[in-house]
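Fold and contact review
Okay, here's what each chain looks like letter by letter:
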Amino acid sequence: MECTIDWGGPEGMLFVARTGSGHVTAMDGAPEGGGNNLAPRPMEMMLTGAGGCAAYDVVLILKRGRHAVSGCQVKLTAERADADPKVFTRINFAFTVTGANLPEAAVERAVKLSHEKYCSATAMLAKTAEITHTITVVNT
């Protein structure tokens with residue numbers, strides 16, 4: 001895996017990332033840090049990656065279990081250390097999973113498997129952060 005990060009120039013702190021898979025994303029900073037608030041912060045991107053990784057796992061596990069999952073949302077809330085490096089110290093994943101006749105136990109199992117076995121991003125962040133989760137199942 002690889003990526004290339006290019007600085008947008010002296011007018012601010014905009015950075016453009018090009019991934020090895022051919023995708024492009026941007027990152028920027030807050031005005032008080034020299035940025036122009038044009039894109040997510042790098043730490044927001046880390047949190048986004050963990051949420052995407054976990055949601056991907058949950059949907060895939062439920063689909064493989066032949067459950068009729070039709071929606072999955074995960075809202076992450078995080079706390080960071082006060083001093084540099086300001087690592088994440090607590091992260092909560094609030095899952096809302098929607099589907100037809102979804103057993104709550106199956107959703108709980110999928111979330112647990114993601115956190116304990118499959119999600120590489122969560123595993124890395126768990127080195128500094130307490131990881132918790134909540135689950136809401138919405139049957140349609």
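In the block above lies the structure referred to throughout.
What this report covers is the structure whose coordinates are included nearby. Quantities reported herein were computed from a predicted structural model and do not represent experimental measurements. (Residues numbered from 1 in each chain as written. Predicted model: local features only at pLDDT ≥ 70, side-chain atom pairs only at ≥ 80, totals over all residues. Heavy atoms only, no water.)

Before going further, it helps to examine helix α1 (residues 42–64). Residues spaced three or four apart along an α-helix face the same direction, because each turn holds 3.6 residues. For α1, spanning 23 residues, the distance from its first C-alpha to its last is 33 Å, which sits close to the expected 33 Å at 1.5 Å a residue. Residues of α1 that are buried sit in contact with β4 (68–80), β5 (88–100), α2 (104–118) and α3 (120–125). Phi turns positive, to about 60°, at Arg66, one or two residues after α1. (Helix = DSSP H or I, 4+ residues; strand = E, 2+ residues; numbered from the N terminus. Expected span 1.5 Å × (residues − 1). Contact = heavy atoms within 4.5 Å.)

Another aspect to go through is the sheet that holds β4. Reading across the sheet, the three strands line up as β4-β5-β6 and stay open at both edges, with mixed pairing between neighbours. Both edges of this open sheet fall to β4 and β6 (130–139), since each of them pairs with a single strand only. Neighbouring strand axes in the sheet, compared pairwise and without regard to direction, differ in orientation by 15° on average. Relative to β6, β5 is paired through 10 bridges, and the arrangement is parallel. Opposite Ile91, over in β6, you have Ile131 as the bridge partner. In the packing of α2 onto the sheet, contacts are made with β5 and β6, and the angle to β6 comes to roughly 150°. (Pairing = 2+ DSSP bridges. Axes fitted to C-alpha atoms, helices over the stretch in contact; angles between N-to-C directions.)

A few words on unusual backbone geometry. Geometrically, the link from Asp84 to Pro85 is a cis peptide bond, its omega value of -5° lying close to zero. When you line up the elements, Pro85 lands in the loop between β4 and β5. Not every positive phi belongs to a glycine, and Asn37 is a case in point at roughly 55°. The residue Asn37 is located in the loop between β3 (24–27) and α1 in this model.

Okay, the nonpolar core next. The tendency in soluble globular proteins is for nonpolar side chains to be buried as a group. Membership of the largest hydrophobic core comes to 24 residues, with the highest contact counts inside it found for Val58, Leu62, Leu76, Ile91, Phe93, Phe95 and Val97. Of all the elements in the fold, those that place two or more residues in this core are α1, β4, β5, α2 and α3. Examining the composition of this core, we find that seven residues originate from one element, α1, more than from any other. What Leu76 contacts, discounting residues up to four positions off in sequence, is Leu47, Ala50, Gly51, Ile91, Asn92 and Phe93. (Core = buried A, V, L, I, M, F, W, Y, C linked by side-chain atoms within 4.5 Å. Buried < 20%, exposed > 50% of the residue type's maximum accessible area, 1.4 Å probe, protein only.)

In short, shape yes, function no, at least from these values alone.
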